[in-house]
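Each chain, written out:
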Amino acid sequence: MSVIGLPYLHQYAAVLTTINRRPRKTRLNRRSAILIAQQNNAVSKLDSTTPVWTGGSAGKYNSGIEISRGIDVEGEGRVSEKSVVDYFDQARVMVESTGRDGGGPRWFTPVECGSPRLNRVPLLLYLPGIDGVGLGLVRHHEKLGKIFEVWCLHIPPMDRTSFAELVKLVNGVVRSEHSRLPNRPIYLVGESVGACLALAVASHNLNVDIVLVLVNPATSFSRSSLQLPASLLSSSPVQSLFSITSPFNHVTGSDKGLQVIANLLPGNTLLWKLEMLQNACAYANSRLHAIQAQTLILLSGRDPLLPSQDEGERLRKVLTKCEIRKRNDNGHFLLLEDDIDLVYLLKGASFYRRRRNCDYVTDFLQPTPSEFKRVENEYWWFDPILSPVMLSTLEDGKIVKGLEGIPSEGPTLLVGYHMLLGFELVPLVLRILTEKNILVRGIAHPMIFFRQGEGKLPDLSSYDMFRLMGAVPVSGTNLFKLLASESHVLLYPGGMREALHRKSEFVRMAARFGAKIVPFGAVGEDDIGKVVFDYDDLARIPYFKTEMEQLTNESMKLRTESSGEVSNQQVHLPGILPQVPGRLYYLFGKPIDTKERKHELKDRQKAQEVYLEVKGEVERCLAYLKEKRETDPYRSLISRIVYRSTHGISPEIPTFEL
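Computed from a prediction, not measured in an experiment: that's the story for all the values here.

Chemist: Is there a simple way to explain the overall build of the protein in this structure?
Modeler: Assigned secondary structure in the protein consists of 21 helices and 20 strands. By residue count, 57% of the 658 residues in the protein fall in the buried class. Entry remark: accessible area of the protein is about 27200 Å², with carbon and sulfur atoms responsible for 51%.

Chemist: Explanation requested: the packing of helix 4 (residues 163-180) against helix 5 (residues 193-204) in the structure shown.
Modeler: For any two helices packed against each other, the geometry is given by the interaxial angle and the distance between the axes. Contact geometry of helix 4 with helix 5 gives a least axis separation of 9 Å together with a crossing angle of 60 degrees. Classified by the angle between their axes, helix 4 and helix 5 sit oblique to one another. Crossing of helix 4 over helix 5 shows right-handed handedness. Residues F163, L166, V167, V170, N171, V174 and R175 of helix 4 form the contact with helix 5, whose participating residues are V193, C196, L197, A200, V201 and H204. Here the contact of helix 4 with helix 5 is composed, by residue class, of ten nonpolar, two polar and one charged.

Chemist: What exactly am I supposed to notice about a nonpolar patch on the surface here?
Modeler: On the surface, a cluster of nonpolar side chains totalling about 200 Å² of accessible area is made up of L420, V531 and I576. Looking at the element boundaries, L420 is found in the loop between strand 12 (412-416) and helix 14 (425-436).

Chemist: So what exactly am I meant to see when it comes to helix 16 (residues 476-484) here?
Modeler: Given 3.6 residues to a turn, an α-helix orients residues that are three or four positions apart in the same direction. Among the residues making up helix 16, those that are buried are N478, L479, L482 and L483. End-on view of helix 16: buried residues confined to an arc of 130 degrees, all on one side of the axis. Taken together, the buried residues of helix 16 touch strand 12, strand 13 (440-444), strand 14 (472-473), strand 15 (488-491) and helix 17 (505-512). Looking one or two places after helix 16, you find E486, whose phi comes out positive at around 60 degrees.

Chemist: What is the right way to read the packing of aromatic side chains from this model?
Modeler: Ring pairs (aromatic) are described by centroid distance and by the angle formed between their planes. Taken as a whole and judged by the stated rule, the model has 14 aromatic pairs. Geometrically, the ring pair formed by F163 and Y283 is edge-to-face, given 5.4 Å between the ring centres and 70 degrees between the ring planes. Of this pair, F163 sits in helix 4 while Y283 sits in helix 9 (residues 267-285), placing them 120 residues apart in sequence. Given the relative accessible area of 4%, F163 is considered buried. Sitting above the plane of the Y344 ring, R374 keeps its charged end 4.1 Å from the centroid. Its end group placed over the ring of F364, R441 keeps NZ or CZ at 4.0 Å from the ring centre.

Chemist: Even after reading the chapter, I still don't get the environment of L601, so can you show me in this structure?
Modeler: Within the secondary structure, L601 is located in the loop between strand 20 (592-593) and helix 20 (604-628). In this structure L601 comes out as buried when scored by relative accessible area, which is 1%. Filtering out sequence-adjacent residues up to four positions away, L601 remains in contact with V507, R508, A511, T594, K606, A607 and V610.

Chemist: Just checking my understanding: could you explain helix 12 (residues 369-378) for this structure?
Modeler: Every buried residue of helix 12 is accounted for by E371, F372 and V375. Projection of helix 12 onto a plane perpendicular to its axis shows the buried side chains occupying an angular sector of 100 degrees, all on one side. On the buried face of helix 12, the contacting elements are helix 3 (141-145), helix 11 (342-348), helix 14 and helix 15 (464-468).

Chemist: Could you clarify how one ought to interpret the pattern of salt bridges in this entry?
Modeler: A side chain with one charge may pair with a side chain of the opposite charge, provided their charged atoms come close. Scanning all chains against the criterion turns up 31 salt bridges. We note a salt bridge from E313 to R316, for which the minimum N-O separation is 2.9 Å. Residue E313 and its partner R316 are both found in helix 10 (residues 308-318); the two are separated by three residues, about one turn of the helix. Given a relative accessible area of 24%, E313 falls into the partly exposed group. Since its relative accessible area comes to 17%, R316 is described here as buried. Note that D383 is salt-bridged to R431, the shortest N-O span being 3.2 Å.

The rules we used
Residues numbered from 1 in each chain as written. Predicted model: local features only at pLDDT ≥ 70, side-chain atom pairs only at ≥ 80, totals over all residues. Heavy atoms only, no water. Helix = DSSP H or I, 4+ residues; strand = E, 2+ residues; numbered from the N terminus. Buried < 20%, exposed > 50% of the residue type's maximum accessible area, 1.4 Å probe, protein only. Areas by Shrake-Rupley, 256 points an atom, 1.4 Å probe, with all protein chains shown as cover. Axes fitted to C-alpha atoms, helices over the stretch in contact; angles between N-to-C directions. Parallel < 35°, antiparallel > 145°, perpendicular 65-115°, else oblique. Left-handed = near helix turned anticlockwise from the far one by under 90°. Contact = heavy atoms within 4.5 Å. Nonpolar A, V, L, I, M, F, W, Y, C, P; charged D, E, K, R; others polar. Patch = residues over 30% accessible without salt bridge, like charges linked within 9 Å, V, L, I, M, F, W, Y side chains within 5 Å. Salt bridge = Lys/Arg side-chain N within 4 Å of Asp/Glu carboxyl O. Arc of directions from axis to C-beta. Phe/Tyr/Trp six-rings, centres within 6.5 Å; stacked < 30°, edge-to-face > 60°. Lys NZ or Arg CZ within 6 Å of the ring centre and 35° of its normal.

As C-alpha cells, then:
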C-alpha cells in the first residue's frame, strides 16, 4: 500500500463510589446519585458499590467479538451538541449540590454512558481540569460508553485535598482495578491539571497497562501567563485571571467559559486551585523520566491559558511512547468544542485496544456512519475531479460496470499493482464501502503506524484516516488474522519491495481459508502527474540520495533479516510534474476460488502457478483499461466539466463502451 503521497495532497451520572482520602476505602453516596441522575430525568438503579465489568474474567482475553464487514451502525454513538455554556450550566448545578455535603473527591459513572456494547472494554478514568467538576467529557459520554467503562472524578469546590493526596487516591483505584483485571488497559484521560495528575499516577504504576490521553496538559504552568505572584492572586483571584486572559478572548472564543469558571468557583477556591496547579506542574515534571505509558496528547493552537502546542512538542521529546495531535483552531476547552470527537481521534491514532498489545485486527472498530461521513468530506474532491470508472468481472467472464463481480462474502483478497503515490486507494475503498457496505482492510507499510525518529516524513497524524478505515501493518500474521475473520483484504504483492517471504505466499495463505482472489488493475496516474525523476535518477544525485537515506532511517524497515533488493526498501518521493487531471479506471478481474484447492495449493510449485495466473490477470486488466480509455470521450477534465455543466452535478459521467 503506497502511503507517502496522499498526506501531501490535502460525550447524568449515577455516583457509584465515593472514595475517601484513604485509598481503597469506598462508600456509596446515594443522595448525590439520585440528584445527579434526576438532572437528566433518569434515575439509575444502584446495585453495588463497585462498577461491574461486563464479560470476561481476570487474566483472560479471547477475541470474542464479531467482526463486521462494513459501516458499524450499532456502534454509532451521538456526540452531544451541548455547548461550553450548557456544560457550565450543568456544572453549576452539580457544584451547588455537592458543595454543601462536605465530602471529599468521588467517582461517578455518567448515565449517558449506558452499558458497553462489547463483551470486554478498557476502563477509562476521567481526571478533570481546574474546575474539578468531572463533566468535561459530557459531549462524548454516549459514544465513549459504547467502548469503555467510564468513571469520572468529581472534586467538590470546598474540598482541599492536596495534589499528592489526589495522586494517592487515583493510585488506589488504578491498583485495585489492575489487581481485579490485570490484563485490562486503564485509560487516564486528563485535562489541564488532570493531565498532570495522570502523568503522576502513570509514573507510580510502571507495571500497570496505562494509556494516557492528555488534553492541553498544565505541565507548562510555570511558563504560562497564569504564573502570577501569590500576593496578586490572593488580593483578587478572579480579576487577576481575567487580566491575564482578556487579550486572548476575542481570538479563542473561550471567554464565556473563562467567565463561568470564575463565577462557578468561589474566589478562595480559585486561589486554592491555582496554587495546587503550581504544585501539580512541579510534581509531574519531576517524574516525566519514569513514565513508560503509551501517551496521546491533544493540543489546542488557540489556548489563552497555556502554551499548549509548545508544551506538546517538549513532552513528545521527553516521553518514550508519545504521539501528539494538534488542533490549531481550538481553544482551551478542547473537548467541549463542536468539531472534536474523542472516539474518532482515538481510533484514528490507533489508540484503542482491549489488551496489553494492540491487535490491529481484533481491536479494530469499524467506522460509524458519522465517522465515514467525515472521511468522505475530507476527500470530497476525488470523485468530481477524477470521476473514477469502476468495472468488474462476473463468474462467467463478462465485464460489467459497477462492482457486482466483487464477492459479497469473505474471505476475499483483492490483489493488484499500486500506483506510485497511491491515488487509487481512496476511491477504491470508499466506493466499495458505499456500494457494497464492505470495508476493505488494506495491508500497509509500517511507516504509517510507527517511526524510528522524527524528521522529514509526514507526521503520523497525516495517516489517521488510513488507520480509521482499517489499514493494518504488513505482516503474515495480520494477513492470516484478516483472512481468518473472513475480511476483504487489499494486498499489493511486492509493495515497497517485497513484504512477504515469497511472492506466492499469499496464495497458499488464501487457500488455507478458502479465500477468493480477485486480481485487479487501476490506471490513470499518468494523467495526473508525469514522473520526471524516478528512484534511479534521484539515487545518482548526492543531495537526494542523502534525503532518501534520512527518510528510510525514519521509517520502519520491513525485512531487516533479508539482504539484496528485498532489504533495500528505500523510502523516496519521486519528482512529479503535475498535469491537468485525467480519469481513474479500475477493472476487477474474474475471482479465483481457492476453496476446493486447499490441499493442492500447499505445494509451493502449484501456488507459484496460481501466483503467475493472478499476475497475468492483473496485467490483462491493466492492458484492457489502457486500450479502452483511449476511446473514452470524457477522459479529460475539460470534457467532464462541460458534461456536468449541461447535465448537472449528480449524474454519473459516461465512459467507453464495454
